[in-house]
Amino acid sequence: MSLEVRAHYSLCVQDLDAAVDFYTKVLGGAPFYRQRNTCHVSLEGHHLVLHQVRSSPRWAKLGEEVSGAPIPHFGIIVDDERYERILSAASADRSVLIAPKRRRRGTALDHICFFVADPSGYPWEIKRYVGGAPPF
Ligand SMILES: [Fe+2]
(Lines give C-alpha, C1' and ligand atoms only; values in the text may rest on other atoms or scores of the structure.)
Protein backbone atom coordinates (compact mmCIF):
# COMPACT_ATOMS: atom_id res chain seq x y z
CA MET A 1 0.00 0.00 0.00
CA SER A 2 1.35 3.40 -0.93
CA LEU A 3 0.91 6.32 1.45
CA GLU A 4 -0.81 8.69 -0.93
CA VAL A 5 -3.45 10.96 0.54
CA ARG A 6 -6.46 8.82 1.40
CA ALA A 7 -9.74 9.61 3.07
CA HIS A 8 -11.46 7.52 5.73
CA TYR A 9 -15.24 7.52 5.94
CA SER A 10 -17.21 5.80 8.69
CA LEU A 11 -20.97 5.66 8.20
CA CYS A 12 -23.92 4.37 10.24
CA VAL A 13 -26.28 2.33 8.07
CA GLN A 14 -29.59 0.70 8.86
CA ASP A 15 -29.22 -2.38 6.62
CA LEU A 16 -25.63 -3.60 6.25
CA ASP A 17 -26.36 -6.03 3.40
CA ALA A 18 -28.19 -3.35 1.40
CA ALA A 19 -25.36 -0.89 2.04
CA VAL A 20 -22.68 -3.40 0.98
CA ASP A 21 -24.67 -4.14 -2.19
CA PHE A 22 -24.92 -0.41 -2.99
CA TYR A 23 -21.25 0.40 -2.38
CA THR A 24 -20.17 -2.70 -4.30
CA LYS A 25 -22.62 -2.90 -7.21
CA VAL A 26 -23.40 0.78 -7.76
CA LEU A 27 -20.25 2.65 -6.74
CA GLY A 28 -17.82 -0.17 -7.56
CA GLY A 29 -16.21 -0.56 -4.13
CA ALA A 30 -14.52 -3.75 -2.93
CA PRO A 31 -15.33 -5.14 0.54
CA PHE A 32 -12.15 -6.45 2.20
CA TYR A 33 -13.04 -7.15 5.84
CA ARG A 34 -16.39 -7.98 7.39
CA GLN A 35 -17.63 -8.62 10.89
CA ARG A 36 -21.20 -9.20 12.04
CA ASN A 37 -22.28 -5.52 12.07
CA THR A 38 -19.40 -3.87 10.21
CA CYS A 39 -17.93 -4.02 6.72
CA HIS A 40 -14.74 -2.34 5.47
CA VAL A 41 -14.78 -1.34 1.80
CA SER A 42 -12.09 0.01 -0.51
CA LEU A 43 -13.74 2.80 -2.52
CA GLU A 44 -11.54 4.35 -5.21
CA GLY A 45 -8.58 3.74 -2.91
CA HIS A 46 -10.25 5.25 0.15
CA HIS A 47 -11.27 3.44 3.33
CA LEU A 48 -15.02 3.26 3.89
CA VAL A 49 -16.41 1.51 6.97
CA LEU A 50 -20.13 0.71 7.18
CA HIS A 51 -21.54 0.21 10.68
CA GLN A 52 -25.01 -1.21 11.08
CA VAL A 53 -26.95 0.62 13.80
CA ARG A 54 -30.49 0.21 15.14
CA SER A 55 -31.46 3.88 15.09
CA SER A 56 -31.77 6.11 12.05
CA PRO A 57 -28.50 7.77 11.09
CA ARG A 58 -29.25 11.34 12.19
CA TRP A 59 -26.37 12.80 10.19
CA ALA A 60 -28.03 11.75 6.94
CA LYS A 61 -31.09 13.85 7.81
CA LEU A 62 -29.24 17.08 8.55
CA GLY A 63 -28.59 18.15 4.99
CA GLU A 64 -30.22 20.69 2.75
CA GLU A 65 -29.90 21.54 -0.91
CA VAL A 66 -27.59 24.44 -1.77
CA SER A 67 -27.13 25.53 -5.39
CA GLY A 68 -28.61 22.29 -6.64
CA ALA A 69 -26.47 19.99 -4.50
CA PRO A 70 -27.30 18.16 -1.27
CA ILE A 71 -25.08 19.56 1.49
CA PRO A 72 -23.26 17.89 3.13
CA HIS A 73 -22.24 15.09 0.81
CA PHE A 74 -19.35 12.80 0.03
CA GLY A 75 -17.82 12.55 -3.42
CA ILE A 76 -15.55 10.57 -5.65
CA ILE A 77 -13.70 11.85 -8.71
CA VAL A 78 -13.52 9.24 -11.44
CA ASP A 79 -12.46 8.86 -15.06
CA ASP A 80 -14.94 8.85 -17.96
CA GLU A 81 -15.26 5.06 -18.04
CA ARG A 82 -16.01 4.74 -14.31
CA TYR A 83 -18.39 7.69 -14.50
CA GLU A 84 -20.47 6.01 -17.20
CA ARG A 85 -20.40 2.64 -15.39
CA ILE A 86 -21.56 4.17 -12.09
CA LEU A 87 -24.26 6.26 -13.83
CA SER A 88 -25.57 3.13 -15.55
CA ALA A 89 -25.56 1.10 -12.30
CA ALA A 90 -27.16 3.93 -10.31
CA SER A 91 -29.86 4.39 -12.94
CA ALA A 92 -30.64 0.66 -12.86
CA ASP A 93 -30.63 0.79 -9.03
CA ARG A 94 -32.87 3.89 -9.08
CA SER A 95 -30.50 5.60 -6.66
CA VAL A 96 -29.87 8.73 -8.76
CA LEU A 97 -30.78 11.74 -6.63
CA ILE A 98 -29.82 14.58 -9.00
CA ALA A 99 -29.28 13.99 -12.73
CA PRO A 100 -25.94 14.72 -14.44
CA LYS A 101 -25.16 18.40 -14.86
CA ARG A 102 -22.13 20.32 -16.12
CA ARG A 103 -20.82 22.86 -13.61
CA ARG A 104 -18.15 25.59 -13.56
CA ARG A 105 -17.92 25.49 -17.37
CA GLY A 106 -14.80 27.17 -18.77
CA THR A 107 -12.97 27.27 -15.42
CA ALA A 108 -10.29 25.04 -13.90
CA LEU A 109 -13.13 23.29 -12.06
CA ASP A 110 -15.14 22.47 -15.21
CA HIS A 111 -16.81 19.16 -14.45
CA ILE A 112 -19.88 16.97 -14.93
CA CYS A 113 -21.48 15.34 -11.91
CA PHE A 114 -24.55 13.62 -10.59
CA PHE A 115 -25.68 12.64 -7.12
CA VAL A 116 -26.85 9.31 -5.75
CA ALA A 117 -28.28 8.34 -2.37
CA ASP A 118 -27.22 5.15 -0.61
CA PRO A 119 -29.92 2.97 1.05
CA SER A 120 -29.58 4.99 4.31
CA GLY A 121 -29.90 8.32 2.48
CA TYR A 122 -26.27 9.45 2.41
CA PRO A 123 -25.70 11.58 -0.68
CA TRP A 124 -22.66 10.90 -2.87
CA GLU A 125 -21.43 13.06 -5.73
CA ILE A 126 -19.93 11.28 -8.72
CA LYS A 127 -17.72 13.72 -10.61
CA ARG A 128 -15.54 13.72 -13.71
CA TYR A 129 -13.47 16.70 -14.74
CA VAL A 130 -13.68 18.02 -18.29
CA GLY A 131 -10.44 18.65 -20.14
CA GLY A 132 -7.93 17.21 -17.74
CA ALA A 133 -7.06 16.69 -14.12
CA PRO A 134 -8.50 18.84 -11.31
CA PRO A 135 -6.29 21.63 -9.93
CA PHE A 136 -5.50 19.88 -6.65
FE1 LIG B 1 -19.18 18.27 -4.06
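Look up a bit, the structure's there.
Residues numbered from 1 in each chain as written. Predicted model: local features only at pLDDT ≥ 70, side-chain atom pairs only at ≥ 80, totals over all residues.

1. Describing the overall build of the chain
Part 1 of the reasoning: A tally of helices and strands in the chain yields two helices and ten strands.
Part 2 of the reasoning: Here the C-alpha radius of gyration of the chain, 15 Å, is about what a compact globule of 136 residues would show, namely 14 Å.
Part 3 of the reasoning: Viewed in the frame of its principal axes, the chain has a C-alpha envelope of about 50 × 35 × 25 Å. (Helix = DSSP H or I, 4+ residues; strand = E, 2+ residues; numbered from the N terminus. Rg over C-alpha atoms; globule rule 2.2 N^0.38 Å.)

2. Quick look at helix 2 (residues 80–93)
Part 1 of the reasoning: With 14 residues, helix 2 should reach 20 Å at 1.5 Å per residue; the first-to-last C-alpha distance of 20 Å fits that figure.
Part 2 of the reasoning: Of the residues flanking the end of helix 2, it is Arg-94, one or two places downstream, whose phi is positive at about 55°. (Expected span 1.5 Å × (residues − 1).)

3. Quick look at the sheet that holds strand 7 (residues 74–77)
Part 1 of the reasoning: An order of 7-10-9-8 is seen for the four strands of this open sheet, with the pairing classed as mixed. Of all the strands in the sheet, the pair left with one neighbour each is strand 7 and strand 8 (96–103). Along the sheet, successive strands turn relative to each other by an average axial angle of 20°, direction set aside.
Part 2 of the reasoning: As paired elements, strand 8 and strand 9 (residues 111–117) share five bridges and run antiparallel to each other. Directly across from Arg-103, in strand 9, lies its bridge partner His-111.
Part 3 of the reasoning: Packed on one face of the sheet, helix 2 meets strand 8, strand 9 and strand 10 (123–129) and runs near 145° to strand 10. (Pairing = 2+ DSSP bridges. Axes fitted to C-alpha atoms, helices over the stretch in contact; angles between N-to-C directions. Contact = placed C-beta atoms within 7 Å.)

4. Considering the pairing of strand 2 (residues 30–35)
Part 1 of the reasoning: Little of strand 2 is tucked away, with zero of its six residues classed as buried.
Part 2 of the reasoning: Bridge count for strand 2 against strand 3 (residues 38–43) is five bridges, and the pairing is antiparallel. When the bridges of strand 3 are listed, Gln-35 appears paired with Thr-38. (Buried ≥ 20, exposed ≤ 12 C-beta atoms within 10 Å, placed from the backbone.)

5. Section: the sheet that holds strand 2
Part 1 of the reasoning: Across the sheet, four strands lie side by side as 1-4-3-2; this open sheet has mixed pairing. Bordering the open sheet on either side are strand 1 (8–13) and strand 2, each of which pairs with just one other strand. Between one strand and the next, the sheet's axes are offset by a mean angle of 20°, whatever the strand orientation.
Part 2 of the reasoning: This element, helix 1 (residues 16–26), spans strand 1, strand 2, strand 3 and strand 4 (46–52) of the sheet and lies at about 160° to strand 4.

6. What to know about the environment of Arg-34
Part 1 of the reasoning: With respect to the secondary-structure elements, Arg-34 resides in strand 2.
Part 2 of the reasoning: For the pair Arg-34 and Val-49, spaced 15 residues apart in the sequence, the C-alpha separation amounts to 9.5 Å.

7. Structural notes on the nonpolar core
Part 1 of the reasoning: Ranked by size, the top nonpolar core spans 19 residues in total, and within it Tyr-23, Val-26, Leu-27, Leu-50, Val-116, Trp-124 and Ile-126 carry the most contacts.
Part 2 of the reasoning: Where this core is concerned, the elements lending two or more residues are helix 1, strand 3, strand 4, helix 2, strand 9 and strand 10.
Part 3 of the reasoning: Ignoring any residue separated from it by four or fewer positions in sequence, one finds Val-116 in contact with Val-26, Ala-90, Ser-95, Val-96, Leu-97, Trp-124 and Ile-126. (Core = buried A, V, L, I, M, F, W, Y, C linked by C-beta atoms within 7 Å.)

8. Observations concerning helix 1
Part 1 of the reasoning: Among all positions of helix 1, only Ala-19, Phe-22, Tyr-23 and Val-26 are buried. Angular distribution of buried residues about the axis of helix 1 spans 105°; they occupy a single face of the element. (Arc of directions from axis to C-beta.)

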